[in-house]
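Chain and residue survey
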Amino acid sequence: MGKNSNFHSHCTFCDGRSHPEDFVKFATARKFRAYGFSSHSPLPFETFWNMPKDDLPEYIAEINRLKDKYAGILEIYLGLEIDYLDKTYNASIAYFRSMPLDYRISSIHFLPWAEPLLEENMVCIDGCYGDLEKRIDDHYGGSVRRLAEHFFESSMNMVEAGGFDIVGHVDKIYMNGNRHPDFDMQAGWYRKPYLDLLDFIAEKGLIVEVNSKNKTKKGETYPHIASYKELKRRNIPVMVNSDCHYPDLVNDGREETLALLKTAGYRTTRELVGGAWDDVEI
(Lines give C-alpha, C1' and ligand atoms only; values in the text may rest on other atoms or scores of the structure.)
Protein backbone atom coordinates (compact mmCIF):
# COMPACT_ATOMS: atom_id res chain seq x y z
CA MET A 1 0.00 0.00 0.00
CA GLY A 2 1.35 3.43 -0.93
CA LYS A 3 1.75 6.69 0.96
CA ASN A 4 -0.52 8.89 -1.12
CA SER A 5 -3.76 10.22 0.30
CA ASN A 6 -6.44 12.77 -0.49
CA PHE A 7 -9.25 13.89 1.78
CA HIS A 8 -10.83 16.64 -0.32
CA SER A 9 -12.67 15.36 -3.38
CA HIS A 10 -15.93 15.79 -5.21
CA CYS A 11 -18.03 13.41 -7.28
CA THR A 12 -21.39 13.35 -9.05
CA PHE A 13 -23.25 13.80 -5.77
CA CYS A 14 -22.20 17.46 -6.03
CA ASP A 15 -20.19 19.19 -8.78
CA GLY A 16 -17.66 16.40 -9.38
CA ARG A 17 -17.50 15.09 -12.91
CA SER A 18 -17.54 11.34 -12.31
CA HIS A 19 -19.00 8.65 -10.07
CA PRO A 20 -17.40 7.90 -6.69
CA GLU A 21 -16.00 4.52 -7.72
CA ASP A 22 -14.16 6.08 -10.66
CA PHE A 23 -12.15 8.16 -8.19
CA VAL A 24 -11.45 5.07 -6.11
CA LYS A 25 -10.15 3.21 -9.17
CA PHE A 26 -7.75 6.03 -10.00
CA ALA A 27 -6.60 6.19 -6.38
CA THR A 28 -5.90 2.46 -6.20
CA ALA A 29 -4.05 2.58 -9.53
CA ARG A 30 -1.80 5.23 -8.01
CA LYS A 31 -1.25 3.10 -4.91
CA PHE A 32 -3.04 5.39 -2.51
CA ARG A 33 -3.17 4.49 1.17
CA ALA A 34 -6.32 6.53 1.93
CA TYR A 35 -9.02 8.38 0.05
CA GLY A 36 -11.73 10.62 1.45
CA PHE A 37 -14.90 11.90 -0.19
CA SER A 38 -15.99 15.40 0.81
CA SER A 39 -18.92 16.42 -1.36
CA HIS A 40 -20.21 19.96 -0.99
CA SER A 41 -22.80 19.83 1.76
CA PRO A 42 -26.43 20.81 1.31
CA LEU A 43 -27.19 24.52 1.76
CA PRO A 44 -30.39 26.38 2.65
CA PHE A 45 -30.59 27.08 -1.09
CA GLU A 46 -29.68 24.88 -4.06
CA THR A 47 -26.70 25.63 -6.29
CA PHE A 48 -25.01 23.90 -9.21
CA TRP A 49 -22.22 22.59 -7.00
CA ASN A 50 -23.86 21.66 -3.70
CA MET A 51 -25.44 18.30 -2.93
CA PRO A 52 -29.24 18.40 -2.63
CA LYS A 53 -30.42 17.49 0.86
CA ASP A 54 -32.49 14.59 -0.46
CA ASP A 55 -29.36 12.93 -1.93
CA LEU A 56 -27.45 12.78 1.35
CA PRO A 57 -28.66 9.31 2.47
CA GLU A 58 -27.68 7.85 -0.92
CA TYR A 59 -24.27 9.53 -0.72
CA ILE A 60 -23.61 8.05 2.72
CA ALA A 61 -24.74 4.60 1.58
CA GLU A 62 -22.59 4.66 -1.57
CA ILE A 63 -19.38 5.70 0.19
CA ASN A 64 -19.97 3.05 2.86
CA ARG A 65 -20.52 0.47 0.10
CA LEU A 66 -17.15 1.40 -1.39
CA LYS A 67 -15.53 1.17 2.05
CA ASP A 68 -16.66 -2.45 2.28
CA LYS A 69 -15.82 -3.33 -1.30
CA TYR A 70 -12.25 -1.99 -1.12
CA ALA A 71 -11.48 -3.03 2.45
CA GLY A 72 -7.85 -4.16 2.66
CA ILE A 73 -7.02 -2.37 -0.60
CA LEU A 74 -7.74 1.27 0.20
CA GLU A 75 -8.84 3.14 3.33
CA ILE A 76 -11.95 5.03 2.24
CA TYR A 77 -13.41 7.77 4.40
CA LEU A 78 -16.76 9.54 4.41
CA GLY A 79 -16.60 13.29 4.79
CA LEU A 80 -18.32 16.50 3.79
CA GLU A 81 -17.12 19.96 2.84
CA ILE A 82 -19.47 22.12 4.88
CA ASP A 83 -19.94 25.78 4.05
CA TYR A 84 -19.82 28.33 6.82
CA LEU A 85 -22.55 30.86 6.03
CA ASP A 86 -23.26 32.44 9.40
CA LYS A 87 -23.88 31.50 13.03
CA THR A 88 -27.12 29.72 12.08
CA TYR A 89 -25.72 27.55 9.27
CA ASN A 90 -22.34 25.92 9.69
CA ALA A 91 -20.64 22.66 10.65
CA SER A 92 -21.57 23.03 14.31
CA ILE A 93 -25.36 22.87 13.92
CA ALA A 94 -27.25 19.74 14.96
CA TYR A 95 -28.05 18.79 11.35
CA PHE A 96 -24.37 18.21 10.54
CA ARG A 97 -23.35 16.93 13.96
CA SER A 98 -25.90 14.10 13.65
CA MET A 99 -24.36 12.75 10.44
CA PRO A 100 -22.24 9.55 10.59
CA LEU A 101 -19.15 11.17 9.06
CA ASP A 102 -15.49 10.25 9.50
CA TYR A 103 -14.38 13.87 9.19
CA ARG A 104 -15.57 17.35 8.28
CA ILE A 105 -13.95 20.10 6.21
CA SER A 106 -15.24 23.62 6.76
CA SER A 107 -14.80 26.20 4.01
CA ILE A 108 -16.03 29.58 2.90
CA HIS A 109 -17.35 30.02 -0.62
CA PHE A 110 -20.14 32.49 0.18
CA LEU A 111 -20.28 35.72 2.17
CA PRO A 112 -23.87 36.67 3.09
CA TRP A 113 -24.61 40.38 2.70
CA ALA A 114 -28.33 40.25 3.47
CA GLU A 115 -30.98 38.01 5.01
CA PRO A 116 -32.48 35.49 4.51
CA LEU A 117 -29.90 32.90 3.45
CA LEU A 118 -30.66 32.76 -0.27
CA GLU A 119 -28.23 32.54 -3.17
CA GLU A 120 -29.10 36.03 -4.37
CA ASN A 121 -28.05 37.37 -0.97
CA MET A 122 -24.58 35.83 -1.19
CA VAL A 123 -21.25 37.11 -2.46
CA CYS A 124 -19.55 34.08 -4.02
CA ILE A 125 -15.75 34.31 -3.78
CA ASP A 126 -15.31 31.32 -6.11
CA GLY A 127 -16.14 31.16 -9.80
CA CYS A 128 -15.08 33.81 -12.28
CA TYR A 129 -13.42 37.08 -11.34
CA GLY A 130 -15.87 39.20 -13.32
CA ASP A 131 -18.75 38.12 -11.09
CA LEU A 132 -16.76 38.86 -7.95
CA GLU A 133 -15.67 42.25 -9.24
CA LYS A 134 -19.32 43.21 -9.75
CA ARG A 135 -20.14 42.07 -6.21
CA ILE A 136 -17.25 44.14 -4.85
CA ASP A 137 -18.67 47.17 -6.64
CA ASP A 138 -22.26 46.47 -5.59
CA HIS A 139 -21.76 45.48 -1.94
CA TYR A 140 -18.35 46.75 -0.81
CA GLY A 141 -18.25 50.15 -2.48
CA GLY A 142 -15.62 48.91 -4.91
CA SER A 143 -13.23 48.11 -2.03
CA VAL A 144 -11.44 44.76 -2.17
CA ARG A 145 -10.13 45.60 1.30
CA ARG A 146 -13.69 45.53 2.67
CA LEU A 147 -14.27 42.20 0.91
CA ALA A 148 -11.14 40.75 2.57
CA GLU A 149 -12.22 42.09 5.96
CA HIS A 150 -15.59 40.35 5.56
CA PHE A 151 -13.88 37.12 4.51
CA PHE A 152 -11.54 37.03 7.50
CA GLU A 153 -14.28 38.04 9.93
CA SER A 154 -16.40 35.16 8.61
CA SER A 155 -13.38 32.82 8.83
CA MET A 156 -12.82 33.73 12.48
CA ASN A 157 -16.49 33.08 13.20
CA MET A 158 -16.21 29.72 11.44
CA VAL A 159 -13.29 28.65 13.64
CA GLU A 160 -15.10 29.88 16.75
CA ALA A 161 -18.22 27.88 15.84
CA GLY A 162 -16.22 24.67 15.35
CA GLY A 163 -17.79 21.31 14.56
CA PHE A 164 -15.14 20.35 12.02
CA ASP A 165 -11.63 18.89 11.74
CA ILE A 166 -10.05 20.59 8.72
CA VAL A 167 -9.96 24.19 7.54
CA GLY A 168 -10.49 24.13 3.79
CA HIS A 169 -8.53 26.46 1.45
CA VAL A 170 -7.98 28.91 4.28
CA ASP A 171 -7.05 31.99 2.20
CA LYS A 172 -8.88 31.28 -1.03
CA ILE A 173 -9.98 34.91 -1.09
CA TYR A 174 -6.70 35.66 -2.88
CA MET A 175 -7.55 33.34 -5.82
CA ASN A 176 -9.81 35.97 -7.38
CA GLY A 177 -9.00 38.84 -5.05
CA ASN A 178 -5.45 39.18 -6.35
CA ARG A 179 -6.80 40.16 -9.78
CA HIS A 180 -8.24 43.36 -8.31
CA PRO A 181 -5.89 46.33 -8.85
CA ASP A 182 -6.02 47.31 -5.15
CA PHE A 183 -5.34 43.86 -3.73
CA ASP A 184 -2.14 43.56 -1.68
CA MET A 185 -1.29 40.46 0.38
CA GLN A 186 1.52 42.35 2.13
CA ALA A 187 -0.66 45.22 3.26
CA GLY A 188 -1.49 45.34 6.95
CA TRP A 189 -5.22 45.26 6.23
CA TYR A 190 -4.75 41.80 4.67
CA ARG A 191 -1.80 40.37 6.57
CA LYS A 192 -2.87 41.15 10.15
CA PRO A 193 -6.32 39.50 10.04
CA TYR A 194 -4.85 36.54 8.16
CA LEU A 195 -2.16 35.96 10.78
CA ASP A 196 -4.74 36.46 13.54
CA LEU A 197 -6.79 33.73 11.86
CA LEU A 198 -3.80 31.38 11.82
CA ASP A 199 -3.22 32.10 15.52
CA PHE A 200 -6.85 31.20 16.26
CA ILE A 201 -6.65 28.01 14.17
CA ALA A 202 -3.53 26.99 16.10
CA GLU A 203 -5.28 27.72 19.41
CA LYS A 204 -8.21 25.49 18.43
CA GLY A 205 -5.91 22.65 17.30
CA LEU A 206 -7.39 22.39 13.82
CA ILE A 207 -5.80 20.91 10.70
CA VAL A 208 -5.16 23.22 7.73
CA GLU A 209 -5.40 21.66 4.33
CA VAL A 210 -2.88 22.75 1.74
CA ASN A 211 -5.10 22.71 -1.30
CA SER A 212 -3.12 21.78 -4.42
CA LYS A 213 -5.98 22.06 -6.90
CA ASN A 214 -4.38 24.94 -8.82
CA LYS A 215 -0.72 24.06 -8.22
CA THR A 216 -0.17 22.60 -11.71
CA LYS A 217 -2.47 24.99 -13.57
CA LYS A 218 -1.67 28.32 -11.88
CA GLY A 219 1.29 27.61 -9.61
CA GLU A 220 -0.94 28.43 -6.61
CA THR A 221 -1.91 26.61 -3.46
CA TYR A 222 -4.32 27.65 -0.73
CA PRO A 223 -2.89 28.69 1.65
CA HIS A 224 -0.39 30.69 -0.38
CA ILE A 225 3.09 29.14 -0.57
CA ALA A 226 4.44 32.18 1.28
CA SER A 227 2.25 31.15 4.26
CA TYR A 228 3.85 27.76 4.88
CA LYS A 229 6.47 29.10 7.27
CA GLU A 230 3.80 30.97 9.21
CA LEU A 231 1.88 27.70 9.57
CA LYS A 232 5.02 25.87 10.71
CA ARG A 233 5.92 28.64 13.17
CA ARG A 234 2.57 28.02 14.84
CA ASN A 235 2.93 24.21 14.69
CA ILE A 236 -0.34 23.93 12.78
CA PRO A 237 -0.77 20.40 11.40
CA VAL A 238 -1.32 20.27 7.65
CA MET A 239 -2.53 17.82 5.02
CA VAL A 240 -2.23 18.05 1.24
CA ASN A 241 -5.50 17.70 -0.68
CA SER A 242 -6.12 17.95 -4.40
CA ASP A 243 -9.77 19.09 -4.17
CA CYS A 244 -10.28 17.05 -7.32
CA HIS A 245 -13.43 17.06 -9.43
CA TYR A 246 -12.05 14.71 -12.10
CA PRO A 247 -10.69 11.19 -11.35
CA ASP A 248 -7.41 11.72 -13.20
CA LEU A 249 -6.60 14.65 -10.89
CA VAL A 250 -6.75 12.76 -7.58
CA ASN A 251 -3.01 13.29 -7.05
CA ASP A 252 -2.61 16.59 -8.88
CA GLY A 253 0.04 18.87 -7.39
CA ARG A 254 0.66 16.65 -4.38
CA GLU A 255 4.35 15.83 -4.82
CA GLU A 256 5.32 19.42 -5.64
CA THR A 257 3.35 20.73 -2.66
CA LEU A 258 4.86 18.21 -0.26
CA ALA A 259 8.33 19.25 -1.43
CA LEU A 260 7.52 22.89 -0.70
CA LEU A 261 6.22 21.98 2.75
CA LYS A 262 9.48 20.15 3.48
CA THR A 263 11.40 23.27 2.49
CA ALA A 264 9.27 25.21 5.02
CA GLY A 265 10.26 22.76 7.75
CA TYR A 266 7.39 20.25 7.74
CA ARG A 267 8.30 16.60 8.14
CA THR A 268 4.81 15.13 8.56
CA THR A 269 1.23 15.59 7.44
CA ARG A 270 -1.85 14.91 9.60
CA GLU A 271 -4.06 12.17 8.14
CA LEU A 272 -6.59 9.53 9.08
CA VAL A 273 -4.80 6.21 9.56
CA GLY A 274 -6.91 3.25 10.57
CA GLY A 275 -9.71 5.65 11.42
CA ALA A 276 -7.67 7.88 13.77
CA TRP A 277 -5.71 11.07 13.20
CA ASP A 278 -1.98 10.47 13.02
CA ASP A 279 1.17 12.13 11.71
CA VAL A 280 2.48 10.58 8.51
CA GLU A 281 6.06 11.17 7.41
CA ILE A 282 6.40 13.14 4.19
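On a predicted model such as this, the values are computed, not experimentally measured, just so you know. (Residues numbered from 1 in each chain as written. Predicted model: local features only at pLDDT ≥ 70, side-chain atom pairs only at ≥ 80, totals over all residues. Heavy atoms only, no water.)

1. Some thoughts on helix H1 (residues 20-29)
Those residues of H1 that fall on the buried side of the exposure criterion are Pro 20, Glu 21, Phe 23, Val 24 and Ala 27. One side of H1 carries all its buried residues, which in axial view fall inside an arc of 155 degrees. Looking at the packing, one finds that the buried side of H1 touches strand E2 (32-40), helix H2 (56-69) and strand E3 (75-83). Looking one or two residues beyond H1, the residue adopting positive phi is Lys 31, at roughly 55 degrees. (Buried < 20%, exposed > 50% of the residue type's maximum accessible area, 1.4 Å probe, protein only. Helix = DSSP H or I, 4+ residues; strand = E, 2+ residues; numbered from the N terminus. Arc of directions from axis to C-beta. Contact = heavy atoms within 4.5 Å.)

2. Considering the sheet that holds strand E9 (residues 238-241)
Pairing in this open sheet of seven strands is parallel, and the strands run E1-E2-E3-E4-E7-E8-E9 from one edge to the other. The open sheet has two edge strands with one neighbour each: strand E1 (4-6) and E9. Packed onto the sheet, helix H10 (residues 254-263) meets E1, strand E8 (207-211) and E9 and runs at close to 155 degrees relative to E9. (Pairing = 2+ DSSP bridges. Axes fitted to C-alpha atoms, helices over the stretch in contact; angles between N-to-C directions.)

3. Focus on the packing of H1 against H2
Put simply, H1 and H2 touch, their axes get as near as 10 Å, and they point 35 degrees apart. The hand of the H1/H2 crossing is right-handed. Contacts between H1 and H2 involve Pro 20, Glu 21 and Val 24 on the former and, on the latter, Glu 62, Ile 63, Arg 65, Leu 66 and Lys 69. The class makeup of the residues in the contact of H1 with H2 is four nonpolar, no polar and four charged. (Left-handed = near helix turned anticlockwise from the far one by under 90°. Nonpolar A, V, L, I, M, F, W, Y, C, P; charged D, E, K, R; others polar.)

4. Re empty space enclosed by the protein
For the structure on display, the rule yields one cavity of 30 Å³ or more. In this model, the largest cavity occupies a volume close to 40 Å³. Lining the largest cavity, in full, are Ser 107, Ile 108, Phe 151, Ser 155, Met 158, Val 167, Gly 168, His 169 and Val 170. Here the element with the most residues in the lining of the largest cavity is helix H5 (residues 144-161); it accounts for three residues. Looking at side-chain class alone, the lining of the largest cavity contains five nonpolar, four polar and no charged residues. (1 Å grid on protein atoms, 1.4 Å probe; cavity = no way out; pocket = protein on both sides within 12 Å on 5 of 7 lines; lining within 4 Å. Points joined across faces, edges and corners; volume = space filled by probe spheres on them.)

5. Considering the pattern of salt bridges
Counting across every chain of the model gives 16 salt bridges. Ionic pairing is found between Glu 271 and Arg 33, a salt bridge with its closest N-O pair at 2.7 Å. Here the residue Glu 271 occupies a position in strand E10 (residues 268-273), and Arg 33 occupies one in strand E2, the gap between them amounting to 238 residues. Judged by its relative accessible area of 10%, Arg 33 is buried. Here Arg 234 makes a salt bridge to Glu 230, at a shortest N to O gap of 2.7 Å. The burial state of Arg 234 is the same as that of Glu 230; both residues are buried. (Salt bridge = Lys/Arg side-chain N within 4 Å of Asp/Glu carboxyl O.)

6. What about the state of the cysteines?
Across all of its chains, the model carries zero disulfides by this definition. Of all cysteine sulfurs in the structure, the one in Cys 14 sits closest to Cys 11, which takes part in no disulfide; the separation is 5.6 Å. Accessibility expressed as a relative area gives 0% for Cys 11, which makes it buried. Cys 124 supplies the cysteine sulfur nearest to Cys 128, a cysteine that is in no disulfide, at a spacing of 9.0 Å. Looking at Cys 128, the relative accessible area reads 41%, which means it is partly exposed. (Disulfide = S-S within 2.5 Å.)

7. Some words on unusual backbone geometry
If a residue is not glycine, its phi is most likely negative; likewise, a peptide bond is most likely trans. The linkage connecting Glu 115 with the following residue, Pro 116, adopts the cis geometry, with an omega of 0 degrees. Inspection of the secondary structure assignment puts Pro 116 in the loop between strand E5 (110-112) and strand E6 (122-124). The phi dihedral of His 169 is positive, around 20 degrees, even though this residue is not glycine. Examined against the element boundaries, His 169 turns out to sit in the loop between strand E7 (166-167) and helix H6 (173-177). Classification of His 169 as buried rests on a relative accessible area of 2%.

8. Regarding the layout of surface pockets
What the largest pocket holds in volume is close to 620 Å³. If you trace the largest pocket, you find 27 residues lining it, with Asp 126, Lys 172, Lys 213, Lys 217 and His 245 closest to the centre. At the level of secondary structure, the elements contributing two or more residues to the lining of the largest pocket comprise H6 and helix H8 (215-218). Of the residues in the lining of the largest pocket, the class split is six nonpolar, ten polar and eleven charged. Estimates place the volume of the second largest pocket at around 180 Å³.

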